[in-house]
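Descriptive analysis of the structure
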Amino acid sequence: MDSPDRTWEDRKGFTEGHTMPLTAHSGPLRTRRPKAKALIAVVTVLAIASFQLTVWPWSSSTPEYSSVRSFVDEPEFDWYALEPSKEIQWTSCYSGHKCARLLLPLDYDVPDGPTTAIALRLIPAADEHKRKGAIFINPGGPGGSGTYFVGLDGQNISRIVGDSFDILGFDPRGVGASTPVASCFETNSQRALWQLQDDQRLLNLTNSVELRRARDRMLAERCEEKIGGEWGIGRFMSTPNVARDMLEISQKLGQDKLLYWGFSYGSVLGQYFSAMYPDKVGRVIIDGVYDALNYRAALWNTNLVDIDAVIDSFFQFCHEAGPDRCTVYDSTPSKIRERYMDVLRRVEQEPLPVPLAEPPLVLTHKMLVNQMFRASYNPLTGFSFVAETMRAIETNNQTALVALAPRLVPPTECKCADASAPWFADVEGFTAIACGDGDDHPYDPETYAEYFKGLSQTSSLIAPLWGVYYLACAEWKVRAKWRWTGPLAATNTSHPLLVLSPRYDPVCPLADAKAVHERFGGSALLVQNSNGHCSLSAPSLCTAKHVRAYFEDGTLPDPGTACEVEELPFIGRTKDVAAMSTEDVRLLEALEGLSAVVPMFGPVCVAVHADHPIMDFVPAKVEGGLYPSQISPGTKPFSSRTVISRRNKVIVAIITVAATVAWNLCRDTFDLPSSKDVRSSAAQDPEFDWFELDPASDIQWTDCYSGDKCARLLLPWDYGTPEGPSATIALRMIPAANRDNYKGTILINPGGPGGSGTSLVGRAGRTISRIVGDSFDILGFDPRGTGASTPSANCFETDSQRKLWNLQDDHRLLNLTDDTVEFQWARANVVAQRCEAKIGGEWGIARFMSTADVARDMLEIVQKLGQEKLQYWGFSYGSVLGQYFSAIYPDKVGRVIIDGVYDSHNYRAALWDSNLADVDTVISSFFQFCHQAGPDKCPLYDSSPEKIRARYFNLLHAVEAEPVPVPSAEPPLLITRKVLQAQLFQATYKPLTAFSIVADTIHALEQGNQIALAKLAPRIVDPTECKCTVPKQWEAGNEAWSAIACGDADPRPFDANAFAQHYLDLAKDSDFAAPLWAGSHLKCGAWRVRPKWRWTGPLEAQNTSHPLLVVSPQYDPVCPLRDAKAVQKRYHGAGLLVQNSHGHCSLSAPSLCTAKHVRAYMMNGTLPEPGTVCEADELPFVGSVANVRAMSQEDAELLEAMRGLSEVVPMLGKH
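Here's a quick rundown of the structure.

Calculation criteria
Residue numbers here run from 1 along each chain, matching the order of that chain's written sequence. Residue-level local features of this predicted model are given only where pLDDT is at least 70; pairs of side-chain atoms are given and counted only at 80 or more, and the full residue set underlies all totals for whole chains, interfaces and linings. In computing side-chain properties, one takes all heavy atoms of the structure into account and sets aside hydrogens as well as water. In this description a helix means any DSSP run of H or I spanning at least four residues, a strand means any run of E spanning at least two, and both kinds are numbered starting from the N terminus. The cut-offs for exposure are 20% and 50% of the maximum accessible area for each residue type, with area from a 1.4 Å probe on protein chains only; residues under the lower value are buried, those over the upper are exposed, and the others partly exposed. Note on contacts: a residue pair is in contact if any heavy atoms of the two residues lie within 4.5 Å. Only strands joined by at least two bridges in the DSSP assignment are considered to pair. Lines fitted to C-alpha atoms define the axes here, with helix axes fitted over just the stretch in contact, and angles between the N-to-C directions of these axes take values from 0 to 180 degrees. Note on terminology: disulfide denotes any pair of cysteine sulfur atoms within 2.5 Å. If an angle is under 35 degrees, it is roughly parallel; if it is over 145, roughly antiparallel; if it lies from 65 to 115, roughly perpendicular; otherwise it is oblique. For a crossing to be left-handed, the near helix must be turned anticlockwise from the far one by less than a right angle; the clockwise case is right-handed. For this classification, the nonpolar set comprises Ala, Val, Leu, Ile, Met, Phe, Trp, Tyr, Cys and Pro, the charged set comprises Asp, Glu, Lys and Arg, and every other residue, Gly included, is treated as polar.

1. Observations regarding the overall build of the protein
Each helix and strand counted, the protein has 39 helices and 28 strands in total. Counting over 1215 residues, the protein shows a buried share of 66%. For the protein, the proportion of contacts with a sequence separation of at least 24, taken over those separated by at least 6, is 78%.

What follows is the structure in structure tokens.
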């Protein structure tokens, strides 16, 4: 037994100036880490290189994301194949274990009512002849799976307590394999995507509390609907219910009294049981103790008392270990601390992109604080990763950061909802239990401010991570039917408890353990001189022997006993293994195995989406996580003399297996469709596989879709090297119906840049054909790098990875007053640097996607069609392409319409600052048309447009102050100011169809109509969901916008002052739209891949072989009429047709006048008279303003066809 008189400070030299020399440790020191970490690093790099790695087994993370995990959870076993029974009926399972599902009353007051099936997993005692009963294990949480924990490390626990005991893990009601499950989401993937959208910032009282509360309300209201109600499982998951379940299980096993070892929250469960059933206490150890009185009061304010001491030990142990063992060693602990805080400040000011991580990552201040907090739970393994991260940031070592990324942020991947067993899904067990147990305390801002201030005084670094728990429970609505309100103390337990605590526990302080020890008469307190959560966080033979003696014969440690540990962070083992007995060596190996699975307690956050308070043990139970339990519980222990510890061998084995399996099972198998993705016509057309077409150097048409023609044309990547590599360009054509009066082929471009012309033909080609006349073929092509053209400008491993990346964008509007610019700049750099690596290089496709290249492609296509000159209708960015073509090949202009015109001078200069001149006028038209239409057609109608405007902006301010959750939406939705502002901005592109949706949204918010909001949700924000399908390349996203727009542009390196001025200039045109438009400047500022051919010649022509037709709405939100007028002047003889409408391009509003001018131009080259203005035949809200009855049948049919075009209005810019 270690001396109880020797203090922790004496042993480790805690204060500076009193650093214990390494030789003071008993026996020669052995550190097993450097070579072990080297091997792990090798495996890490190989794994990252080969597949999208999921969570690492040492990551102290909560289960807040979705990936594949069942394949690494030991031999396959189907819990639901077990028939639940009212008696325990064991079935062989896994590797020599026993499993059962036990039916217990959902409500013990209604024993004949509904039941819950509790999953049990047992490792039988090795010595059956000396069997002394089953020890129940609870890993904490609340909501942790005991069956999983037993599979993970039950064998090690068995070695500690002795081979006379069964080890039994159970899944508390509502979690794991127990049923029904406390799930508030439709699928685990849906939950993962919701959590991925969490706030990027640490919680603070200034500007993030309301967003946090809104997310908590969303969860609370979903759970009230899905697991609340009279018999909802959420009402029957309380800790007293689970305590009663343990009593029932124990008695059904034939044990009169409970044998129990509970960690973390498991200590709370042990207190409840011992207070409720004091005469049923056999042997009860509570380890890592949280005071149940504080827990029940839902205060959560005593937890962080010792967290700063644990964090301080990081600096102390690093210094003590020296430069060979700690990568950030310095001459004093204070200097290491200063460097760490400098790293935090640096990343807070400038988030750090890690573009080549898989998935990519922007390293934030929140992530680093969270990493340190998680490491404090398990310093033996966690501290070294903090040091490596700190060193990598200090040296800007991207290679190291890529290797470390999965340990910083356990990666999220989209996984088919039913690809893993349901008992591996993450559920809302924590909130149902912890908040259901707690006293009700509705949110009050002043009370919370005092609470947060108190936490900050205890630990200013960690308070933002811990303070979310209070908020979650303040919003919780499902109250437990049975809440224990009796005493949480006992003076007469049938056997004394053993209270076990580290000296410095980050979230369950020794002070709590002492308080609990005093309330349970006769209990003993055993202190382990270590830093970390629960005794498992550091191996101690002394502690293990006391635990065994307690279970074997009830022996309690003497008062004041304190146990030393056999291993220290960075330093390694403190005792010579060679001098140990064989039994001690085996016991030490078991303890080292346990130190890799420290229980988690409290709202430890994972990644950016992570201060959601779901707790679990390490490693996280993630679908796609790496399960150490694949290592069979019967595996022969590694030798104590092996260089790599058993813990690290387990880790290496897991990574190897997971890498192999994940590569085979999860690579690029899931798509997250978005209703905004209209690249493919698959929804409208029969299935067609572009890649079944053989590409050729000439156009070889093949029948496709419904009467169309498709081809894939080989064209040189580099027209300066015609014999070099080729690009394959996808073509889709609707043949002219009137072959007798055939006038050739019109090429169309939908804008973007990067939009798919083949898709536009599928969605709108026949309508366009009716406008121009049936004598023309309509041909759409996918510009190089986009759609079905190959190679694709793809900078992500999968389309799912890209969409998950996009989900992690900020909830806040870009502005100059906080850190949004720095965060968006970091994200822009991630994409830019990934693209440089993946589609850059000498023959990377991004070098050959310039608008000049595409203009040359159009010329080649036209000539291969047998036409001498181009006939073309280009929308939005397609107007830029038309300007380039007409300037480069003026003698090849046949009929060229540019519609919705952006000045190519401004485009090429990468200014993007002329676009918003008219957007506020379009926004104002929303209020005007609503008023004009009246109350029957606009739900926001008011007595004047000004009053409607005031209501809209009042609502914006209200939502900014208090975001609105829509819990019944599928997937759930959080409406923020950014969401509403983006909705109206995007609606300005197509007011005819979108203004009404904006009005319905605002009206529903004013009325608090959740039913209406749930129905509107898919039209407010495009839903992203995991699907069990692999998207075809032409259905997936890409990075073509950046490759084209930024590649075309003049180099414009980012300068903070210049960007601020750019933003202010945009805001002069539109304060409303500037935050949504300014991101284009950041993206191009970060872009690195320069095209080989970039047109720098004039963007004008005095001698086109036929005049252009320039078409523009009177008020276009992003391509203003002034740009159209400027372009018209630069192309001699061009005609200008103005359509008196609001929206982007002429397509945004049907106009017979415009259609007829377009047809006349295409058919015979007729230009409109100067000053011609066409009226629109339909207005937003108001409806048709044309007299259809007075029209010819042909005009009426044409007008009807044109109405559909307003749904396919192109988008310009990257919003």
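Further notes follow.
2. Section: the sheet that holds strand 21 (residues 893–899)
Judged by pairing direction, the sheet is mixed, and its 10 strands sit side by side in the order 15-16-17-19-18-20-21-24-25-26 without closing on themselves. Every interior strand has two partners, whereas the edge strands, strand 15 (702–704) and strand 26 (1173–1175), have only one. The mean inter-strand angle of the sheet, taken between neighbouring strand axes irrespective of direction, is 25°. Two strands pair when backbone bridges link them, and strand 17 (residues 726–734) and strand 19 (residues 776–781) are joined in this way by 4 bridges, in the antiparallel orientation. Across the sheet, residue Leu731 finds its bridge partner in strand 19, namely Phe781.

3. Here we look at the state of the cysteines
Applying the stated rule across the entire model yields 10 disulfides. The residue that forms a disulfide with Cys435 is Cys473, at a sulfur-sulfur distance of 2.1 Å. Around the S-S axis, the bridge from Cys435 to Cys473 shows a dihedral of about -75° and counts as left-handed. Here Cys435, found in helix 14 (residues 429–437), pairs with Cys473, found in helix 17 (residues 468–475); they are 38 residues apart in sequence, far enough to count as distant. Residue Cys435 shares its accessibility class with Cys473, and that shared class is buried. Sulfur-sulfur distance for the disulfide between Cys704 and Cys710 comes to 2.0 Å. Every disulfide takes its handedness from the sign of the S-S torsion; for Cys704 and Cys710 that torsion is 80°, giving right-handed.

4. Examining the packing of helix 23 (residues 799–807) against helix 24 (residues 820–839)
Two measures define how a pair of helices packs: the angle their axes make with one another and the distance between the axes. Between helix 23 and helix 24, whose axes approach to 12 Å, the crossing angle comes to 160°. Relative to helix 24, the element helix 23 is oriented roughly antiparallel. With respect to the hand of their crossing, helix 23 and helix 24 are arranged in left-handed fashion. For the pair helix 23 and helix 24, the contacting residues are Gln801, Trp805 and Asn806 in the first and Arg827, Val830, Val831 and Arg834 in the second. Grouping the amino acids of the contact of helix 23 with helix 24 by side-chain chemistry returns 3 nonpolar, 2 polar and 2 charged.

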